[in-house]
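# Per-entry structural report
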Amino acid sequence: MELLEREDFSPIYAQADQVRAEAVGDTVHIRALLEISNHCRRMCTYCGLRAPRQNLTRYRMDPEEVVQAACEAHAVGYRTIVLQSGEDPWYTPLMLGQIVSAIKAKTDMAVTLGCGEMREEDYAFLKLAGTDRYLIKHETADPDLYRRLHPDSSLDKRVGCLRTLKRLGYETGSGFMVGLPGQTLETLAQDLLLLASIPCDMAGIGPFLPHPDTPLRDGTAGDAELTRRCVALARLMLPSANLPATTALTVRGDNGQVFSGGANVVMRKITPNCYKRMYEIYPAQLPDTDIPAQRQQLEEQIRSLGRVPL
Ligand code: SF4
């Protein structure tokens, strides 16, 4: 993809940072990310959890384990937990609802789910059970590219989920990958416009990272600078949105720079070590989970950037 790399983007970054400061302040929200299951029925061609992949040990956390991990995160200061999984029908909406209710009964944390596409009645049920937010990225706004990446679904269906979640009163999160094979700068513009049209309350924008056990193994990793530009533009288009410095960018070691261009959220994995390396949408060198120490380290990093951890 042609990147306008010779353009000086620093005025846009400065503007995005100013809009961020005015609209959402200097706080950086630290979210606990718990990956509850790596089972998935879907075929997404970029993802290390895709159903056809054989050389991956699959796991599911018991509901009690999930609630316990959430309580540990709460005890060290987390105010939001994100429960993420592949599309795993083993967790029925009833089970997920019970997990959410139990976490809400034991803590005052906001609960975000990222468990894929569901029927409207299931999303409605989970909202009633106490779920505050739902993340489901559209990944690309190009319908043809979407179909190539997701042979078992369509962009219309995905956007339908986002609109349903918004209508049901969820804080609704989407997002997309930068540098997907076949993507153009025009597609990225469409991605940003789609975020604004929902309009999304959260948007995770990260670089495409090829996974060696997927059909896209030979692709080139997305460009970190182009990703940062997309985050900055998303801030200008959605001034009050929560924009994470996505884990994929953190993997590339670009965390601080993203914070200076509009992001106000960071996710920290709290997935127990026995599961953590089995949740590999893209390859990453993951440190062992140490919930209190990593929370403290992140708070210090955020303070060192002149921002306020929450
Ligand atoms: S991106 Fe999500 S839905 Fe697609 S294969 Fe991976 S875990 Fe499953």
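An account of the accompanying structure is given in this report. Being a predicted model, the structure only gives us computed values, none of them experimental.

## Observations concerning the nonpolar core
Within the largest apolar cluster, 76 residues are counted, with the highest numbers of intra-cluster contacts made by Leu34, Met61, Ile81, Leu83, Ile103, Tyr134 and Ile270. Grouped together as the second largest cluster of nonpolar side chains are five residues, Leu33, Val82, Leu135 and Met202 included.

## What to know about the pairing of strand β1 (residues 27-37)
Here β1 lies mainly inside the structure; 10 of its 11 residues are buried. Here β1 pairs with strand β9 (residues 308-309) via two bridges, running parallel. Across the sheet, threonine 27 pairs through a bridge with valine 308, a residue of β9. Looking at chain direction, β1 and strand β8 (residues 265-269) are connected through five bridges and run parallel. Opposite alanine 32, over in β8, you have arginine 268 as the bridge partner. By the bridge criterion, five bridges tie β1 to strand β2 (residues 80-85) in an arrangement that is parallel. Across the sheet, the residue bridging to glutamate 35 is glutamine 84, located in β2. Where the polypeptide runs from β1 across helix α2 (residues 63-75) and back to β2, its parallel neighbour, the crossover connection is right-handed.

## Brief notes about the pattern of salt bridges
Taken as a whole and judged by the stated rule, the model has 23 salt bridges. When the shortest N-O distance is used, the salt bridge between glutamate 117 and lysine 157 registers 3.2 Å. Of this pair, glutamate 117 sits in the loop between β3 (110-114) and α4 (120-128) while lysine 157 sits in helix α6 (residues 155-167), placing them 40 residues apart in sequence. For glutamate 117, a relative accessible area of 7% gives the class buried. Close ionic contact of aspartate 201 with lysine 166 constitutes a salt bridge, the shortest N to O distance being 3.0 Å. Taken together, the residues span a long stretch of sequence, with aspartate 201 in the loop between α7 (185-197) and β6 (202-207) and lysine 166 in helix α6 at a distance of 35 residues.

## Details of the site of the ligand
The immediate surroundings of the ligand are formed by Cys40, Arg42, Cys44, Tyr46, Cys47, Leu49, Arg50 and Gly86. Each residue belonging to the shell around the ligand can be placed in one class, and the counts come to five nonpolar, one polar and two charged.

## Some remarks on the packing of helix α3 (residues 93-106) against α4
At a minimum axis distance of 9 Å, the contact between α3 and α4 shows a crossing angle of 20°. The angle between the axes of α3 and α4 places the two elements in the roughly parallel class. In terms of crossing hand, the pair formed by α3 and α4 is right-handed. Contacts between α3 and α4 involve Pro93, Leu94, Leu96 and Gly97 on the former and, on the latter, Asp122, Phe125 and Leu126. In terms of residue class, the contact of α3 with α4 is built from five nonpolar, one polar and one charged.

## Examining the packing of aromatic side chains
Inspection of the entire model under this criterion finds five aromatic pairs. Plain terms: the ring middles of tyrosine 123 and tyrosine 134 are 4.9 Å apart, the flat faces sit at 70° to each other, and that makes the pair edge-to-face. A residue pair is termed long-range when its members are at least 10 positions apart, and tyrosine 123 in helix α4 and tyrosine 134 in strand β4 (residues 133-135) qualify at 11 residues. A relative accessible area of 1% places tyrosine 123 in the buried class. Tyrosine 134 gets classed as buried once you look at its relative accessible area, which sits at 0%. Here the aromatic cluster, defined as three or more aromatic residues joined through ring pairs, consists of Tyr123, Tyr134 and Tyr170. Here the basic side chain of lysine 127 rests over the ring of tyrosine 170, its NZ or CZ set 5.6 Å away from the ring centre.

Conventions adopted
- Residues numbered from 1 in each chain as written.
- Predicted model: local features only at pLDDT ≥ 70, side-chain atom pairs only at ≥ 80, totals over all residues.
- Heavy atoms only, no water.
- Core = buried A, V, L, I, M, F, W, Y, C linked by side-chain atoms within 4.5 Å.
- Buried < 20%, exposed > 50% of the residue type's maximum accessible area, 1.4 Å probe, protein only.
- Helix = DSSP H or I, 4+ residues; strand = E, 2+ residues; numbered from the N terminus.
- Pairing = 2+ DSSP bridges.
- Right-handed = clockwise from strand over helix to strand, strands pointing away.
- Salt bridge = Lys/Arg side-chain N within 4 Å of Asp/Glu carboxyl O.
- Near = heavy atom within 4 Å.
- Nonpolar A, V, L, I, M, F, W, Y, C, P; charged D, E, K, R; others polar.
- Axes fitted to C-alpha atoms, helices over the stretch in contact; angles between N-to-C directions.
- Parallel < 35°, antiparallel > 145°, perpendicular 65-115°, else oblique.
- Left-handed = near helix turned anticlockwise from the far one by under 90°.
- Contact = heavy atoms within 4.5 Å.
- Phe/Tyr/Trp six-rings, centres within 6.5 Å; stacked < 30°, edge-to-face > 60°.
- Lys NZ or Arg CZ within 6 Å of the ring centre and 35° of its normal.

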